[in-house]
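# Geometric and topological summary
Chain by chain, the residues:
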Amino acid sequence: MRVFLVGIFTVFCGAAATQAQDIYLSVPDNNIFNRTEFTSVPTRVMTNANRTNWDYAFLGLLPTAPTFTSVSGPNFTHSSSSLTLPGSTLLWQLESMGGQLPYTGLSGYLPGFQSFSTSAIKWFEPPSISLAGGFNRGNINFTFKIPASQFTANAFRAGNYSMDITQNYNDFTPHNFKTILVIPSSIRWVANSLTKYIEISSLNDYRSTSTRLWDLGNTEIANTVDFNFWAKAAGTNIQFTSSKGVPGTRNIASIKLGSNGSALTTKALSSDFQNFSAANFSVAAGNRNSFIPQLYVSAEDFKNFFFEAGTYTFELNFNARSTDNSINSLQNTAVQLKVLPLSEITIPSSGRNVNFNFNTAAQYTEGQSQMIPNQIMLSNNENFELYVKSDENYFKKGGLQTSINSNILQIGVDGSSVSAPLSKTPQKILFNGAPVLDRGLNIRYTISPESGQSLVGKENTTYSINVYYSFTAI
């Protein structure tokens with residue numbers, strides 16, 4: 001009996017395909033932003049299943065050194081932009097072959113850290129004769145390094161930078177591979193003032209016609225992605241507490257935010273985030289952008305809204321937000337503007353002397369009154385009362401006290417019905433005065449008919465007395 005086996009037989013012949021093993025090196029943003037050296041853990045670059053000796057060209061002499069060569073050019077290229085990193089960015093050195101370094105007898109040696117090049121670079125120098133020894137089978141590991149200086153000199157944009165490498169030992173696999181630097185997407189505040197204290201201690205600040213400007217200190221933001229600078233106030237109002245503890249508010253829109261130079265556009269603050277960037281902040285060499293945010297208040301608003309003595313406080317919320325809105329980094333700055341109690345009374349030289357002449361009977365019997373226009377220039381940034389007093393209770397003649405009492409002279413402010421008899425004890429002549437800057441007061445001086453008649457019979461000469469004006473805050 002015959003048995004027939006019928007079927008189809010297929011025979012596959014040839015070498016098994018080898019999948020390239022690309023080298024991915026993830027570079028932490030801490031190293032990039034802090035500009036500190038990056039060193040990898042031992043990383044497998046190739047494997048060796050069979051060999052234990054180097055190639056030698058002539059009678060076991062003239063060794064063939066293992067090499068790496070870049071076949072994609074001298075630079076690492078970014079996967080999604082035209083940016084590159086120089087080959088010198090990444091350094092490497094053999095760490096082990098099969099768990100230990102190859103033998104280095106008879107002039108074999110391990111080169112120091114090197115970088116990839118379009119020329120063949122030796123990663124080990126074998127011994128000069130084959131009998132000096134070889135290496136173990138197994139993984140061929142390398143240590144990779146990026147020096148700190150490279151983080152300062154170059155711009156590391158988020159994404160992958162790659163370089164195609166070939167090596168010259170066919171028994172080491174893979175024969176070709178990519179070395180890829182993986183840069184994370186990240187934004188981080190490196191420097192920013194968390195508080196800003198401003199103190200106003202001079203009335204001249206309010207007399208200036210220039211816009212008030214305060215810088216918030218250097219701001220430095222590290223980034224591997226392009227970003228915009230967004231900002232807002234934490235609330236719609238500035239919180240105010242007067243020097244006497246009375247609360248109040250001011251509109252936050254009276255303050256604008258900008259910067260020195262052209263980094264930011266100048267806009268009024270609000271409680272909603274606004275993009276203040278004049279243009280996108282790009283990824284620059286060193287991976288940092290720095291500028292100085294500034295606050296602006298017009299001279300008019302400064303005088304109208306920030307004149308009263310007390311403390312003005314508000315908080316700024318900043319956000320460095322990537323242009324694709326995928327990541328952001330927040331930071332806050334608390335601002336305190338303190339206006340010290342400020343007051344000033346000045347008397348122009350033209351108003352320093354007030355003269356009463358008694359030359360006729362009517363001047364004695366009817367009394368006299370004088371109004372000195374703008375005799376006092378008054379500034380006070382608190383609610384106040386104005387007082388007047390003399391240095392003595394009697395007029396003097398030639399520096400000597402007389403019997404003429406100071407109270408024959410009454411003093412008041414134009415527009416007020418109050419006239420106080422002059423005394424060594426301060427007398428109130430202005431009640432509940434509101435904060436004011438450079439207000440001119442017309443001062444009224446009066447000698448009543450009764451007081452005028454009391455001067456009859458006095459020696460014809462000049463009698464004088466000094467008059468002083470003062471504030472009391474309320």
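Okay, the sheet that holds strand S17 (residues 212-215) next. Spatially, 4 strands are ordered S17-S26-S22-S23 in an open sheet, and the strand pairing comes out antiparallel. The two strands at the open ends of the sheet, each matched to only one other strand, are S17 and strand S23 (267-268). With 4 bridges joining them, S17 and strand S26 (residues 293-297) adopt antiparallel strand pairing. Its bridge partner being in S26, Trp214 is matched across the sheet by Leu295.

Splitting the protein by domain gives domain 1 (23-183), domain 2 (187-341) and domain 3 (344-473). Of note, the centres of domain 1 and domain 2, computed from C-alpha atoms alone, are 49 Å apart. Both sides together, the interface formed by domain 1 and domain 2 hides about 1,100 Å², and carbon and sulfur atoms give 48% of it. It is Phe33, Arg35 and Arg157 in domain 1 that bury the most area against domain 2; as a group they hold 53% of the surface buried on that side. The interface formed by domain 1 and domain 2 includes 2 salt bridges. Linking domain 1 with domain 2 are 9 residue pairs in polar contact (both at pLDDT 80 or more).

Once that is clear, we can look at the sheet that holds strand S36 (residues 427-433). Taking strand neighbours across the sheet as the criterion, the 3 strands line up as S36-S31-S38 in an open arrangement whose pairing is antiparallel. Unpaired on one side and paired on the other, S36 and strand S38 (467-473) mark the two borders of the sheet. Taking the axes of each pair of neighbouring strands and ignoring which way they run, one obtains an average angle of 20° across the sheet.

Pairs may arise between side chains of opposite charge once their charged atoms sit close together. Following the criterion strictly, the structure yields 14 salt bridges and no others. The residue Glu385 makes a salt bridge to Lys428 at a minimum N-O spacing of 3.0 Å. One end of the pair, Glu385, is in strand S31 (residues 384-390); the other, Lys428, is in strand S36, with 43 residues separating them in the sequence. The class of Glu385 is buried, set by a relative accessible area of 11%. When salt bridges that share partners are traced, they join Arg51, Asp55 and Asp171 into one network.

Position of Leu386 among the secondary structure elements: in strand S31. Taking C-alpha positions, Leu386 is 9.7 Å from Val413, a pair spaced 27 residues apart along the chain. The contacts of Leu386, once residues within four sequence positions are left out, are Ile345, Leu378, Gln427, Lys428, Ile429, Leu430, Leu441, Tyr469, Ser470 and Phe471.

Per the counting criterion, the structure on display carries 30 aromatic pairs. An angle of 15° between the planes, with centres 5.4 Å apart, marks the rings of Trp54 and Phe124 as stacked. With Trp54 in the loop between strand S3 (43-48) and strand S4 (56-58) and Phe124 in the loop between strand S10 (121-122) and strand S11 (138-146), this pair connects stretches of sequence that are 70 residues apart. Neither residue differs from the other here; Trp54 and Phe124 are each classed as buried. Judged by centre distance (5.2 Å) and plane angle (80°), the rings of Phe68 and Trp92 are edge-to-face. With Phe68 in strand S6 (residues 67-70) and Trp92 in strand S9 (residues 91-97), this residue pair connects regions lying 24 residues apart in the sequence.

Cut-offs applied
Residues numbered from 1 in each chain as written. Predicted model: local features only at pLDDT ≥ 70, side-chain atom pairs only at ≥ 80, totals over all residues. Heavy atoms only, no water. Pairing = 2+ DSSP bridges. Helix = DSSP H or I, 4+ residues; strand = E, 2+ residues; numbered from the N terminus. Domains from an automatic or database assignment. Buried area = accessible area lost by both parts, 1.4 Å probe. Salt bridge = Lys/Arg side-chain N within 4 Å of Asp/Glu carboxyl O. Polar contact = N/O pair within 3.5 Å; in protein donor to acceptor, adjacent residues only side chain to side chain. Axes fitted to C-alpha atoms, helices over the stretch in contact; angles between N-to-C directions. Buried < 20%, exposed > 50% of the residue type's maximum accessible area, 1.4 Å probe, protein only. Contact = heavy atoms within 4.5 Å. Phe/Tyr/Trp six-rings, centres within 6.5 Å; stacked < 30°, edge-to-face > 60°.

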